[in-house]
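Structure assessment
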Amino acid sequence: MIRKFVGAVASALAVLAGLWLMIAPWALGSQPENRDWTDITTSEFWTGLGVAVVGLVGTISFALAIYEDLVVRGAVVVKPRRVEPEPEIVPAAPPQASSAELAALLAPLVEALREDMNRTDRAGGEHRQNGRTTLVGVEENR
């Protein structure tokens, strides 16, 4: 356990060292402002990036190893994932209303629509009225 902790700390220090290598040319003033990168700046930046990435991978690996060790020792209790039961497939219910019952329910609606279409007392004979004025008349008055 101590070895894993020391490894995690060393890896974290490697991340910090890599980040320092990446910013050192600007922090120490060896990279001139508003000019292309010098060969030294390019070398230090990419070397620092590599060291930082390797250190980050090491830190994550050691942290996971410490976590596993704590789980084995019982210091950390892993909650089991709750498995959702699959929903039961319910067979479709047979249609309860027959077509004759459906026709009986829709008959008043059909009759009301037929009366509305056959009504000839509309203003102008072609516009549908909604309240006191026709809808088309309101649009034309704007």
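The present account deals with the structure reproduced in this document. Given the structure is predicted, the values throughout are model-derived calculations rather than measurements.

Description of the side chain of Q31
- Tracing the backbone shows Q31 in the loop between α1 (2-27) and α2 (39-73).
- For Q31, a relative accessible area of 6% corresponds to the buried category.
- A distance of 3.2 Å separates a polar atom in the side chain of Q31 from the backbone nitrogen of T38.
- Those residues in contact with Q31 that sit more than four places away from it in its chain are P25, W26, D36, W37, T38 and T41.

Regarding unusual backbone geometry
- Phi is positive for N34, close to 55°, though the residue is something other than glycine.
- Note that N34 resides in the loop between α1 and α2.
- Exposure remark for N34: the relative accessible area of 82% places this residue in the exposed category.

Some points on α2
- The end-to-end C-alpha distance of α2, which contains 35 residues, comes to 51 Å, matching closely the 51 Å that a straight helix rising 1.5 Å per residue would cover.
- Three or more residues of α2 are buried, namely T41, F45, G48, A52, G55, G58, I66 and D69.
- Buried-residue contacts for α2 involve α1.
- Downstream of α2 by one or two residues, G74 has phi in the positive range, about 90°.

Digging into the packing of aromatic side chains
- Here the structure, examined in full by the defined rule, presents three aromatic pairs.
- With centroids separated by 5.3 Å and ring planes inclined at 70°, the aromatic side chains of W26 and W37 adopt a geometry described as edge-to-face. Pair noted here: W26 is in helix α1 and W37 is in the loop between α1 and α2, with a separation of eleven residues, a long-range link.
- Between F45 and W46, the ring centres sit 5.2 Å apart and the planes meet at 90°, which makes this aromatic pair edge-to-face.
- Residue class for F45 comes out buried when judged on its relative accessible area of 18%.
- Taken together, W26, W37, F45 and W46 form an aromatic cluster joined through their ring pairs.

Comments concerning the pattern of salt bridges
- Within this structure, the stated rule accounts for three salt bridges.
- Of the charged contacts, one joins D69 and R73 as a salt bridge, the two residues approaching to 3.5 Å between their closest N and O atoms. Residue D69 and its partner R73 are both found in helix α2; the two are separated by four residues, about one turn of the helix.
- Here R114 makes a salt bridge to E111, at a shortest N to O gap of 3.0 Å. Of this pair, R114 and E111 both sit in helix α3 (residues 99-118), three residues apart, roughly one helical turn.
- According to the relative accessible area criterion, R114 is partly exposed, its value standing at 45%.

The rules behind the values
Residues numbered from 1 in each chain as written. Predicted model: local features only at pLDDT ≥ 70, side-chain atom pairs only at ≥ 80, totals over all residues. Heavy atoms only, no water. Helix = DSSP H or I, 4+ residues; strand = E, 2+ residues; numbered from the N terminus. Buried < 20%, exposed > 50% of the residue type's maximum accessible area, 1.4 Å probe, protein only. Polar contact = N/O pair within 3.5 Å; in protein donor to acceptor, adjacent residues only side chain to side chain. Contact = heavy atoms within 4.5 Å. Expected span 1.5 Å × (residues − 1). Phe/Tyr/Trp six-rings, centres within 6.5 Å; stacked < 30°, edge-to-face > 60°. Salt bridge = Lys/Arg side-chain N within 4 Å of Asp/Glu carboxyl O.

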